[in-house]
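The lines below spell out each chain.
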Amino acid sequence: MPRLAAVAVTLAFMTAGCSSADPSPADPTPDEPSSIRVATFNASLNRSAAGQLVTDLQGENAQARAAADVIAANSPDVLLVNEFDYSGDDAVKLFNDNYLDKQYPYWFTAPVNTGVDSGLDLDKDGKLGGPGDAWGFGQFPGQYGMVVYSKYPIDTESVRTFQNFLWKDMPDSLLPRDYYGEASDALRLSSKSHWDVPIDVNGKTLHVLASHPTPPSFDGPENRNGKRNHDEIRLSADYISGADYLYDDKGVRGGLDEGASFVMLGDQNSDPVDGDSVAGSIAQVLDLPRVQDPAPVSDEHGTDTADFADPKPGDLRVDYVLPSDDLTVVDSQVYWPNQAEHPSDHRLVWADLEL
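Residues numbered from 1 in each chain as written. Predicted model: local features only at pLDDT ≥ 70, side-chain atom pairs only at ≥ 80, totals over all residues. Heavy atoms only, no water.

K.L.:
What am I meant to see in the packing of aromatic side chains here?
P.N.:
Per the stated rule, a full pass over the model turns up 10 aromatic pairs. Ring geometry for Phe 162 and Tyr 239: centres 5.4 Å apart, planes at 70°, overall edge-to-face. Within this pair, whereas Phe 162 is found in the loop between strand 7 (160–161) and helix 4 (177–180), its partner Tyr 239 is found in helix 5 (residues 224–240), the two being separated by 77 residues in sequence. With 4.7 Å between their ring centres and 45° between their planes, Phe 165 and Tyr 247 make a pair best called tilted. Note that Phe 165 is positioned in the loop between strand 7 and helix 4 and Tyr 247 in the loop between helix 5 and strand 10 (262–267), a separation of 82 residues in sequence. What links up through ring pairs into an aromatic cluster is the set Phe 84, Phe 95, Tyr 99, Tyr 104, Trp 107 and Tyr 149. Across from the ring centre of Trp 350, 3.6 Å away, lies the NZ or CZ of Arg 37, which sits over that ring. Arg 347 extends its terminal NZ or CZ atom over the ring of Trp 336, reaching a point 4.5 Å from the ring centre. (Phe/Tyr/Trp six-rings, centres within 6.5 Å; stacked < 30°, edge-to-face > 60°. Helix = DSSP H or I, 4+ residues; strand = E, 2+ residues; numbered from the N terminus. Lys NZ or Arg CZ within 6 Å of the ring centre and 35° of its normal.)

Below, the structure is given as structure tokens:
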């Protein structure tokens, strides 16, 4: 992995609702590497109350320390952390400063749909309010959020987010109108958000496509979460394919530019073979001509990335690092240490890529 050489860097906020680090004049940037390590980790750094993660990270928290140890053991250059409660920059900076030894001079985070009240009775319990009536299931705004950390500069001005994209605007979607009724046309598709975060790796742009679709469970025979999971994954697939129906939170239409280098990251909550997701959900991405699947493994658990309850759903492959076909995959791994204790039911997944 690359060593870091010091240079002067200054970075300011570039877009509303997103964040980046504010490096000191002595902050480093990596030397030109032969490859970079890109990773995704659902670290389960979510809490049951707003502000609790900030409080925990101000001191010494055992679970946060264990998550940081997992990250340190793999030393990614670019890292997506899922299930990291959104609180603006506060928790992001505390985790970097107090737990990650200030390794990451750059980051991006932004609001998500989890916990944001819809004003509608989406869970059909006859009452308004509560986690089931939020645009994405959550007990408070920002629960189960996400953050991208990077050792390389983030082009925050060019970030695209899809928090507000409406499910009804996806052609031929699986939107269960029979279940949602009049509320159907108001529904946001992304349970958290979908991000395109461009990172400047020594003059070459790498688009980090970050997301965390809802689990395809915790619903009824209408399978509303399974269908949403399918279509959230489809949003990523269509974005990679440049679909013109898409529009971001700034109103810019279209998907990724043809020929752009990317890596799709995140807990997709969909196994290619097992689990409760709608058949073919993750295949919508895996089967794209522009997508490589390194199929990283661990020694004892194969390609599985999550240690869920036995016997069902059991261990599943749900976390992905999927680079574009113009990048060379040098190596990849699911980091599954032998010790019983682990800070999350998910494992960190990484791939070393030559740009």
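K.L.:
Mind showing me how you'd approach the sheet that holds strand 6 (residues 146–150) here?
P.N.:
Strand-to-strand pairing in sheets goes through backbone hydrogen bonds, with the strands running parallel or antiparallel. One open sheet holds the six strands; their spatial order is 5-6-4-3-15-14, and the pairing between them is mixed. Edge positions in the sheet fall to strand 5 (106–109) and strand 14 (328–335), since each of these pairs with one other strand and no more. Strand after strand, the sheet turns through a mean of 15° between neighbouring axes, direction not considered. Two elements, strand 14 and strand 15 (residues 348–354), share seven bridges in a ladder whose sense is antiparallel. Residue Tyr 335 lies in a different strand from strand 15, and its bridge partner there is Leu 348. Relative to the sheet, helix 2 (residues 62–74) contacts strand 3 (36–45), strand 4 (78–84), strand 14 and strand 15, its axis offset from that of strand 3 by approximately 165°. (Pairing = 2+ DSSP bridges. Axes fitted to C-alpha atoms, helices over the stretch in contact; angles between N-to-C directions. Contact = heavy atoms within 4.5 Å.)

K.L.:
Which parts of the structure should I look at to understand the layout of surface pockets?
P.N.:
Empty pockets left among the atoms are what a rolling probe the size of a water molecule brings to light. One number sums up the size of the largest pocket: a volume of about 880 Å³. Looking at the lining of the largest pocket element by element, the count peaks at three residues for helix 5. For the lining of the largest pocket, the per-class residue count stands at 16 nonpolar, 14 polar and 12 charged. (1 Å grid on protein atoms, 1.4 Å probe; cavity = no way out; pocket = protein on both sides within 12 Å on 5 of 7 lines; lining within 4 Å. Points joined across faces, edges and corners; volume = space filled by probe spheres on them. Nonpolar A, V, L, I, M, F, W, Y, C, P; charged D, E, K, R; others polar.)

K.L.:
Whenever I open this one, the confidence of the model for the protein chain confuses me. Can you help?
P.N.:
Detailed reading of the predicted coordinates is not advisable wherever pLDDT is low. With 91% of its residues at a pLDDT of 70 or more, the protein chain shows a mean pLDDT of 92. Throughout residues 1–26 the model reports pLDDT below 50, and contacts reaching past four residues in sequence, or to other chains, amount to 71 contacts. (pLDDT = per-residue confidence, 0-100.)

K.L.:
Can you walk me through the side chain of His 230 in this structure?
P.N.:
Note on placement: His 230 falls in helix 5. Reaching out from His 230, the side chain makes a polar contact with the side chain of Asp 231 at a distance of 2.9 Å. Not counting residues within four places of it along the chain, the set of residues in contact with His 230 comprises Leu 174, Val 278, Ser 281 and Gln 284. (Polar contact = N/O pair within 3.5 Å; in protein donor to acceptor, adjacent residues only side chain to side chain.)

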